[in-house]
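For reference, the chains in residue letters:
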Amino acid sequence: MIGILYVIVIVLANTIGAISGMGGGVLIKPIFDLINVHSVSEISFYATLAVFTMSIVSTTRQIQSGQKANWRIVFWVATGAIMGGILGNITLEYSLNRFESEDKVQLMQIILTVITLLFAFCFTKYDWPTAKLMRCKWYLVCGLCLGFLASLLGIGGGPINVSLFMLMFSFKIKEATFYSICTIFFSQLAKLLTILFTTGVMQYDLSMLYYIIPAAMIGGIIGAKLTHLLSEDKVTLVFQSVVICVLVINCYNAYDLF
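Thresholds, definitions, all that
- Each chain has its residues counted from 1, running along the sequence as written.
- Where totals are concerned, whole chains, interfaces and linings use all residues; where local detail is concerned, this predicted model gives features only for residues with pLDDT of at least 70, and gives and counts side-chain atom pairs only at 80 or more.
- As a convention, hydrogens and water are excluded, and side-chain values are obtained from all of the structure's heavy atoms.
- A helix here means a DSSP run of H or I that spans at least four residues, while a strand means a run of E at least two residues long, and both kinds are numbered starting from the N terminus.
- Any two residues whose heavy atoms approach within 4.5 Å at even a single point are treated as in contact.
- Where helices are involved, their axes are fitted lines through C-alpha atoms of the stretch in contact, as for all axes, and angles between N-to-C directions lie from 0 to 180°.
- Each angle gets one of four labels, with under 35 degrees taken as roughly parallel, over 145 as roughly antiparallel, 65 to 115 as roughly perpendicular, and the rest as oblique.
- In this classification, the charged set is Asp, Glu, Lys and Arg, the nonpolar set is Ala, Val, Leu, Ile, Met, Phe, Trp, Tyr, Cys and Pro, and all remaining amino acids, among them Gly, are polar.
- Here is the rule: rings of Phe, Tyr and Trp (six-membered ring for Trp) pair when centre to centre is within 6.5 Å. Planes less than 30 degrees apart are stacked, more than 60 are edge-to-face, and the remainder are tilted.
- Type-normalised accessible area, obtained with a 1.4 Å probe on protein chains alone, sets the label of each residue: buried when under 20%, exposed when over 50%, and partly exposed for intermediate values.
- In this description, a disulfide is simply a cysteine sulfur pair whose atoms lie within 2.5 Å.

A. Inspection of the side chain of N253 at higher detail. Turning to its location among the elements, N253 is positioned in helix α10 (residues 232-257). For N253, the residues in contact, after removing those within four places along its chain, are P30, D33, L34 and I110.

Structure representation (structure tokens):
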């Protein structure tokens, strides 16, 4: 039953995540926390794998549908995301070992997630002014920040990706969602490789992958198709709606920890 429940959550979350550029983890992580069957580290691993799988499928489908990419931006953001993803996972593992209770780590993740959600909502809602940074170092810095937060919070990428791309580079939201998904791919790849070569994967219940991977692929395919069909305004509406939904879930999870 848990496997079936995870399938439903991942398909819906990755569909919405692919449309909004959030990656699905921003929904998967708090909902899995709410279900409360697996540990913090297991939930983080499952969410990472689900979002990584979705990012492959969604990016491939969008490129096939005619989405154009500036590969110079992708390269530098990806380089930063890989470094940030490794650093974020090391920080998460250190935090889990440092604190006696996993609840403290989960609360830290929730607080940081809520802060990024509030920033993302206000940015898209109130049309804040944007910069148009063009140099490679800014793409690298952007990727580093996004990779670190994605890995540390276990949310894949989240709303901060889209908002930061729009803020720093004046991207339209659909363009920002595409580069967000590309960033998510590399940050989650870095995290998975870090897990593989440090703690390993045998500590997790790998039977859940039979549910997680197919569900993630289905979500990615549906999300990429809908992204191509929806207008900029509709994508913005989906983005803001998800932000509000995830804010409510995270606040409930934080309340439940006390």
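More follows now that the structure is in view.
B. How the structure looks around the packing of helix α8 (residues 173-197) against α10. In contact at an axis separation of 9 Å, α8 and α10 are set at 55° when each is read in the N-to-C sense. Classified by the interaxial angle, the pair formed by α8 and α10 is oblique. On α10, the residues that touch I173, K174 and T177 of α8 are E232, V235, T236 and F239. Among the residues making up the contact of α8 with α10, the classes are represented as 3 nonpolar, 2 polar and 2 charged.

C. Local environment of the packing of aromatic side chains. Here the structure, examined in full by the defined rule, presents 17 aromatic pairs. Joined through ring pairs, the aromatic side chains of Y139, F165, F169, F171, F178 and Y179 make up one cluster.

D. Up close: the environment of F99. Tracing the chain through its elements places F99 in the loop between α4 (71-98) and α5 (102-126). Owing to a relative accessible area of 35%, F99 belongs among the partly exposed residues under this scheme. When sequence neighbours within four positions are dropped, the list of residues in contact with F99 reads K104 and V105.

E. Region of the structure containing the state of the cysteines. Tallied over the entire structure, the rule returns 0 disulfides. With no disulfide of its own, C122 lies closest to C251 among cysteine sulfurs, the gap being 13 Å. Sulfur of C245: no disulfide; nearest cysteine sulfur belongs to C251 and is 12 Å away. Here C245 falls in the partly exposed class, since its relative accessible area comes to 38%.

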